[in-house]
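Observations on chain architecture
The primary structure of each chain is shown beneath.
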Amino acid sequence: MDIFIIATVGILLGVSLAGPPGPVTAILVNRAMKSVTGGISVGMGAMTADFILMVLILLFGQLTDLTRFNNYIYILGAFFFFYLAYGIYKSSEESESYRKEGSGYLAGLTIGLVNPMQIGWWLTAGLSVNQKFGFATFAFLFIGIVGWVVFLSMLIYKAAAKYGGKVELGVKIFSIASLGFFGVLFLYLSVLGFAPGL
């Protein structure tokens, strides 16, 4: 298959995986206000999780039914997102402890590994892409993720530097609301999974 097609498909898929609003975006945006590298670190952590999920699912996804663990993943993800939302709510500019964890790599990695949306993407789209376009597509997928993460981090940092407190307040509200929404959604989905009649 033409390398241009493989590259285009891979980069677009990378943006489609990293771009939509979600828990990773909420934390990335929050960290990017203070520094570009803070936002990028979150994205790199989530990308590492994508790499781990890619390896696991391409190796085992067709051998065993990984969806049987969905309910437990939903519960774990929900409470982790609530924890992150609470941390952002309690944080302030004077909070040195929050600044020290500004790299966010571990936050991005952990979110990626407990995020059912990310896992679901690899179980569905990831397997399909591998079958249709081949493994080489994933090299360009990660290029697409890196490009999006760098672009978004720089955009948020420059906006925060230019507009100051308004952007910080807006980002804080967005981050808390996004994490809270996905926490509630995943908790609800776990309840449905354990008690489908509800």
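Here the structure is a predicted model, which means the values were calculated and not measured.

For the protein chain, the count of helices and strands is nine helices and zero strands. Reading the protein chain from its N terminus to its C terminus gives the helix and strand order α-α-α-α-α-α-α-α-α. A burial count over the protein chain gives 42% of its 198 residues as buried. Taking all contacts inside the protein chain whose residues are at least 6 apart in sequence as the whole, residues at least 24 apart take part in 87%.

Parts of the prediction with low pLDDT should not have their coordinates interpreted in detail. The pLDDT averaged across the protein chain works out to 81; a share of 86% of its residues lies at or above 70. When mean pLDDT is compared element by element in the protein chain, helix α8 (residues 137–163) scores highest at 92, while helix α5 (residues 96–100) scores lowest at 43.

Taken together, the side chains of F51, I52, V55, L56, L59, F60 and L113 make up a nonpolar region of the molecular surface, amounting to roughly 590 Å² of accessible area. Looking at the nonpolar patch element by element, the count peaks at six residues for helix α3 (residues 36–60). Mapped onto the elements, L113 comes out in helix α6 (residues 105–114). Residue L113 is classed as partly exposed on the basis of its relative accessible area, which comes to 35%.

Another point: helix α1 (residues 3–18). Under the 1.5 Å per step criterion, the end-to-end length of α1 is 22 Å for 16 residues, consistent within 8% with the ideal 22 Å. Within the sequence span of α1, burial applies to I6, A7, V9, G10, L13, G14 and L17. Looking down the long axis of α1, one finds its buried residues gathered within 170° of arc, a one-sided arrangement. Pointing more than 90 degrees away from the buried face of α1 are the exposed residues F4 and L12. For α1, the N-terminal capping position is held by D2, with its side-chain oxygen 2.7 Å away from the main-chain nitrogen of F4.

Now for the environment of F182. Along the polypeptide, F182 turns up in helix α9 (residues 165–194). As a C-alpha pair, F182 and N115 span 67 residues in sequence and 9.5 Å in three-dimensional space. If sequence neighbours within four positions are ignored, F182 has contacts with P21, G22, P23, F81 and M117.

General note: in soluble globular proteins, nonpolar side chains tend to be found buried as a group. I27, F81, W122, L141, F142 and L179 are the most contacted members of the largest nonpolar core, which has 45 residues in total. Contributing elements (two or more residues each) for this core: α1, α2 (23–32), α3, α4 (70–90), α6, α7 (116–133), α8 and α9. Ranked by the residues each element gives to this core, the list is headed by α8, at eight residues.

Let's shift gears to the packing of α3 against α7. At a closest axis distance of 10 Å, the pairing of α3 and α7 adopts a crossing angle of 60°. Comparing the axis directions of α3 and α7 gives the class oblique. As α3 runs across α7, the sense of the crossing is right-handed. On α7, the residues that touch A46, A49, D50, L53, M54, I57 and L58 of α3 are Q118, I119, W122, L123, L127 and N130. Here the contact of α3 with α7 is built from residues that sort into 10 nonpolar, two polar and one charged.

How each quantity is defined
Residues numbered from 1 in each chain as written. Predicted model: local features only at pLDDT ≥ 70, side-chain atom pairs only at ≥ 80, totals over all residues. Heavy atoms only, no water. Helix = DSSP H or I, 4+ residues; strand = E, 2+ residues; numbered from the N terminus. Buried < 20%, exposed > 50% of the residue type's maximum accessible area, 1.4 Å probe, protein only. Contact = heavy atoms within 4.5 Å. pLDDT = per-residue confidence, 0-100. Patch = residues over 30% accessible without salt bridge, like charges linked within 9 Å, V, L, I, M, F, W, Y side chains within 5 Å. Areas by Shrake-Rupley, 256 points an atom, 1.4 Å probe, with all protein chains shown as cover. Salt bridge = Lys/Arg side-chain N within 4 Å of Asp/Glu carboxyl O. Expected span 1.5 Å × (residues − 1). Arc of directions from axis to C-beta. Polar contact = N/O pair within 3.5 Å; in protein donor to acceptor, adjacent residues only side chain to side chain. Core = buried A, V, L, I, M, F, W, Y, C linked by side-chain atoms within 4.5 Å. Axes fitted to C-alpha atoms, helices over the stretch in contact; angles between N-to-C directions. Parallel < 35°, antiparallel > 145°, perpendicular 65-115°, else oblique. Left-handed = near helix turned anticlockwise from the far one by under 90°. Nonpolar A, V, L, I, M, F, W, Y, C, P; charged D, E, K, R; others polar.

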